[in-house]
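Listed below are the residues making up each chain.
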Amino acid sequence: MTTVQKKQAGAGIGAGSQPRRRSPFRPSIVSAVFRRNFSGYFSNPAGYVFITLFVFVCSWVAFWQPEFFANNLANLDPLNAWMPYLLLFFIPAITMGAWAEERRQGTEELLLTLPARDVEVVLGKYLAALGIYTTALVFLALGHLPLLSWLGKPDLGVIAATYLGYWLMGAMLIAIGMVASLLSSNVTVGFILGAVFGAIAVYFGMLGALFGPVVRQQVESLSVPAQFQDFGSGVVPLSGVFYFLSLAAAMLYANTVLLGRRNWVGGPRSKALSAHFLVRCLALIVGLAGLNVLIARAGARADVSEERLSTLSPESIRLIDQVSADRPVYIQAYISPDVPREFVETKASLVGLLKEFAARGGNRVQLNLVDTELYSDAARDAETRFGIEPRRVLSRDQAKQQTADVFLGVAFTSGLEEVVVPFFDPGLPVEYELTRSIRVASRSARKKVGILGTDAKLLGGFEFRAMSQAPEWSVVTELKKQYDVSSVAPDAPIPTDLDCLLVAQPSSLTQPQIDTLVAYVKAGRPALLFLDPMPIFDPQLAPEVPKQPPGGMFGGGQPPEPKGDLTPLLTLLGVDWPNTETVWSTYNPHPQLGDLPPEIVFVGRGDAGNDAFNADQPSTSGLQEIVMLFPGLLRPRGVAGLEFTPLLKTGDSGGTIAFRDLTRQGPMGLGPLNQSRRHFATGLAYTLAARIQGSKPAEAKDAKSEEKAAAAINAVVIADLDLISEQFFDLRRQKVANLDFDNVTFVLNCVDTLAGDDSFIALRKRRPRHRTLELFEAQTKNYYDQSQAETKIAETAADDDLARRQKALDEKVAAVSARTDMDDRTKEIMLANLQQVENRRLDVDKANIENQKRRKLQDIKSELERKIRGDQNRFRTLAILIPPLPAFFLGIVVLGVRIRRENTGASPTRLA
């Protein structure tokens, strides 16, 4: 037997066995070091003091800042902005004694001479520090989550992602702090070095100012706040997770190397080993940096929010996948760092979705998010390059109103194509706007939409009656963002290459123009027709009102050609449209709009049930509410081959009113509405919009006519033109509470359906919902309602007071006029003097009453603000004091137990 075989036999290794591999570390040793440090921390009341202070400061930052109530969101956004900087002070407080305390107490040599590897000791101490920090986060969550649940319904997915981000930040900074503690035997120095080393990672993004725009963005993205930002919005990016964990692993490796340095420093190979480990550390850093770049480019992200706030729809994903790598889309987003509360949700959705687009698109969609302050270089760049300017918006903070200049503009460029959204109003569907802009910028070809020239003048033009230039309607501006929109003359044959034709109020056309339109529709070309018996934006366009001369009633021009007969068009479509009947309905789900006349028709499921919106049609499925102003009604004529599909229907709580009873024709044209008009309910439901499809049988004898008649009719008819008037676009932009109407969405959906481009229909209906502070919203609304009632009482009292004084003056004048003991000339002089004196007194009384009313209204506003601020301050006090209490009381219990144990067995007379 050889010497090697003897050794193997002596070691108990058989002939067929393999050598036992040595594990990187032994869990039992790691566990022992962990228990020693972890239990030692919590057996001392000082540990609970730290946790109490940590929870107190975090609660103060989260809830005491004015941004919490200004944002009106049930999340921790104010704390998210400060958490990386708070951890620069609290993490070093945990790690400063990891090694320095061992040296101070003289236990370092004992620890390092134990039969344990350096990596096992480092891991044990790291896990102990991480356990301490995790415990602190648990106490923080146990305090914050009940408070947010009390105020509203927080998105638990967003909260979970936020705390995961907190934990990962702490895990990385703890590893950095342990390196700092190993470099000094002084606890204070260890704390300072830990804060300094951690600050390098936190403030690393500031170095981006030294580079150009592209490199600057990359450098800024490597800072801790930038990597954490997505977690606070409910998104868990793989790049962010790897960033924090890789840095923590690198720092743990550095910790192990520095700890093992004691074995060879000062020896004959000291310089060589130092260089060797330096190269290894640099190689590790370069390797991790490369992996971070590769993972960031992969763009893997998980939206864990319950509301799926940052999840792209299948339509958006399909569009991004179609963007060519040879023609990428560059996105420049200019966004203000701070925005009023009315724009917080819009900004959050915009930033989150832009990041999702960039992550999904990779090199095909490149994003540059620019924090844009007023009068900064970025603001000047936004204005000069893309025409993006700050929008002055009105914001209401409690009972105060104030203005602010806000940047929320995005520019999309691809090759020579450029699309600019200068401002994202709160009511705009963000994902729809982004997806549409990316598609338009990445594709040069657009579908064509024509707008027939009628007296409604959707494209604008000179208005002779008003003698001014009328702007184009907002619906045209909206269509131009997606389509190639052109004007179509009604006197010439309509181009056949149009994908859709919009015709507003065809009843204003002459007979030859109507015949041209009939020929276009008969050819099977798509058309969207607006038939309105009473256009509120311009009642002179009503079918019952004759055409006026170009100069108006007294223009002196040639008499215009009279309006034509729409019967051929309606017969072709198989539609009956009584142009003298207006629909009314008593259904009104908005109490604040209770004074509106019944001809303002609200279309919603609360009135017509599931029949209000046709769920089988893509243009109406998923809609919630539409408002139509003095609409008409549509009925099918029952023509064989034509399918009449209702899109919008009312309930049976209304009826119709004739045009002659609705208004009066005066000497100067159409007069005001008849205030004494009467409404008789019919108990019938009415169709307000319908889609017409199919083929009408030929009436002509010859084959050529039959061939033309066989073309499939494809049209949508809407019995109201006012539903796309400017006020609904204003409501859509402003997002007035409880007035979220789908007028614009419905019309755009109809155009998309007719043009054969339904990729955006689902996007328009998507409404991501941010969880708000519902409790305070209800209380604030209650206070506002009370203040409005008090305001109305004050105004009524002032009006009554003025009426009494005016009545007293009138009585005095009547008394003088009724006197019979003086002649008319004397009466006239006395009345003139009386009125002069009393009018002066009345003017003084009016001024006094107005001042009193103004002071009363000011007092009401002040009381409103006092109540709101009082509720907020009470909550802030509770939110700061309650979360730290569990850790504080637990620390008192531990202190009591420790004192009791110390006194156990002690002589009662030891102090005598």
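See above for the structure.
What counts, and where the lines are drawn
Residues numbered from 1 in each chain as written. Predicted model: local features only at pLDDT ≥ 70, side-chain atom pairs only at ≥ 80, totals over all residues. Heavy atoms only, no water. Helix = DSSP H or I, 4+ residues; strand = E, 2+ residues; numbered from the N terminus. Expected span 1.5 Å × (residues − 1). Buried < 20%, exposed > 50% of the residue type's maximum accessible area, 1.4 Å probe, protein only. Contact = heavy atoms within 4.5 Å. Axes fitted to C-alpha atoms, helices over the stretch in contact; angles between N-to-C directions. Parallel < 35°, antiparallel > 145°, perpendicular 65-115°, else oblique. Left-handed = near helix turned anticlockwise from the far one by under 90°. Nonpolar A, V, L, I, M, F, W, Y, C, P; charged D, E, K, R; others polar. Polar contact = N/O pair within 3.5 Å; in protein donor to acceptor, adjacent residues only side chain to side chain. Pairing = 2+ DSSP bridges. Salt bridge = Lys/Arg side-chain N within 4 Å of Asp/Glu carboxyl O. Patch = residues over 30% accessible without salt bridge, like charges linked within 9 Å, V, L, I, M, F, W, Y side chains within 5 Å. Areas by Shrake-Rupley, 256 points an atom, 1.4 Å probe, with all protein chains shown as cover. Lys, Arg positive; Asp, Glu negative; His and termini not counted. Charge placed at Lys NZ, Arg CZ, Asp CG, Glu CD. Core = buried A, V, L, I, M, F, W, Y, C linked by side-chain atoms within 4.5 Å. Disulfide = S-S within 2.5 Å.

Participant: An account of helix α16 (residues 344-361) is requested, with residue identities and associated values reported.
Facilitator: Taking 1.5 Å per residue as the helical rise, α16 with its 18 residues ought to reach 26 Å, and the 26 Å between its terminal C-alpha atoms agrees with that figure. Of all the 18 residues making up α16, 15 are buried; the element is thus mostly covered by neighbouring parts of the structure. Positioned one or two residues after α16, G362 has a phi angle of 60°, which is positive.

Participant: Tell me about the environment of I438, and name the residues and values.
Facilitator: Positionally, I438 belongs in helix α18 (residues 430-442). Looking at I438, the relative accessible area reads 0%, which means it is buried. Along the backbone, I438 and I320 are 118 residues apart, and their C-alpha atoms lie at a distance of 8.2 Å. The residues touching I438, leaving out its near neighbours within four places in the chain, are L319, V323, V329, I331, F357 and F412.

Participant: For the packing of helix α3 (residues 45-64) against helix α8 (residues 118-151), give the residues involved together with the corresponding values.
Facilitator: Here α3 crosses α8 at 40°, and the two axes come no closer than 10 Å. Comparing the axis directions of α3 and α8 gives the class oblique. The two elements α3 and α8 cross, and the hand of that crossing is right-handed. From α3, I51, F54, V55, C58, S59, A62 and F63 reach across to α8, where they touch Y133, T135, A136, L137, F139, L140, H144, L147 and L148. Taken together, the residues of the contact of α3 with α8 break down into 13 nonpolar, three polar and no charged.

Participant: Describe helix α9 (residues 156-182), naming the residues involved and giving the relevant values.
Facilitator: Over its 27 residues, α9 runs 39 Å from end to end, which matches the ideal 39 Å to within 8%, given 1.5 Å per residue. Counting buried residues in α9 gives 23 out of 27 residues, a clear majority hidden from the surface. Structurally, the start of α9 carries an N-cap: the backbone nitrogen of G157 is 3.0 Å from a side-chain oxygen of D155.

Participant: How would you explain the sheet that holds strand β13 (residues 500-504) if you had to name every residue and give the values?
Facilitator: The sheet built from seven strands is open, its strands ordered β12-β9-β13-β14-β25-β24-β20 with mixed pairing. Strand pairing shows two members of the sheet lacking a second neighbour, β12 (484-488) and β20 (642-649), which therefore form its edges. The average undirected angle you get between the axes of adjacent strands in this sheet is 20°. As paired strands, strand β14 (residues 527-530) and strand β25 (residues 713-718) are joined by four bridges and run parallel to one another. The residue bridging L528 from the neighbouring strand is V716, located in β25. Each of β9 (448-452), β13, β14 and β25 touches helix α20 (residues 511-522); the most contacted strand, β13, lies at about 145° to it. Packing of helix α26 (residues 743-755) onto the sheet brings it into contact with β9, β13, β14, β20, β24 (687-694) and β25, and relative to β14 it is tilted by some 150°.

Participant: Give a detailed account of the side chain of Q332, specifying residues and quantitative values.
Facilitator: Of note, Q332 is situated in strand β3 (residues 329-335). The class of Q332 is buried, set by a relative accessible area of 16%. Side-chain polar atoms of Q332 contact the side chain of N368, separated by 3.0 Å. Sequence-distant contacts of Q332, defined by excluding residues within four places in its chain, comprise N368, V370, R385, F386, G409, V410 and A411.

Participant: Tell me about the pattern of salt bridges, residues and numbers included.
Facilitator: Summed over the entire model, instances satisfying the criterion amount to 15 salt bridges. With its nearest N and O atoms 3.1 Å apart, the salt bridge here joins E478 to R436. Remark: R436 occurs in helix α18 and E478 occurs in helix α19 (residues 474-480); sequence separation between them is 42 residues. Judged by relative accessible area, E478 falls into the buried class, the value being 5%. A relative accessible area of 0% places R436 in the buried class. The partner of E599 in a salt bridge is R677, with the nearest N and O atoms 3.0 Å apart. Taken together, the residues span a long stretch of sequence, with E599 in the loop between β16 (581-585) and β17 (600-604) and R677 in the loop between β23 (669-673) and β24 at a distance of 78 residues. In terms of burial, E599 and R677 fall into one category: buried. Look at the salt bridges and you will find they share partners, linking E433, R436, E478 and K481 into a network.

Participant: Run through a negative patch on the surface, naming residues and quoting values.
Facilitator: A grouping of E67, D338, D371 and E373 is seen on the molecular surface, where their side chains present a negatively charged patch. Checked against the element boundaries, E67 lands in helix α4 (residues 67-71).

Participant: Just give me the short version of unusual backbone geometry, but keep the residues and values in it.
Facilitator: Non-glycine residue K457 carries a positive phi angle of around 55°. For F630, which is not glycine, the phi torsion reads 50° and is therefore positive. Here F630 lies in the loop between β18 (625-629) and β19 (635-636).

Participant: Please set out the nonpolar core residue by residue, giving values where relevant.
Facilitator: One finds F54, M83, Y133 and Y166 to be the most contacted residues of the largest nonpolar core, which totals 74 residues. Top element by residues in this core is α8. It accounts for 15 residues. What M83 contacts, discounting residues up to four positions off in sequence, is F54, C58, Y133, L137, Y166 and M169. Core analysis: the next-biggest nonpolar cluster, separate from the first, contains 48 residues, A504, A689, V744 and L754 among them.

Participant: Tell me about the state of the cysteines, and name the residues and values.
Facilitator: In the structure shown here, the tally under the stated rule is zero disulfides. C750 supplies the cysteine sulfur nearest to C500, a cysteine that is in no disulfide, at a spacing of 9.1 Å. Owing to a relative accessible area of 0%, C500 belongs among the buried residues under this scheme.

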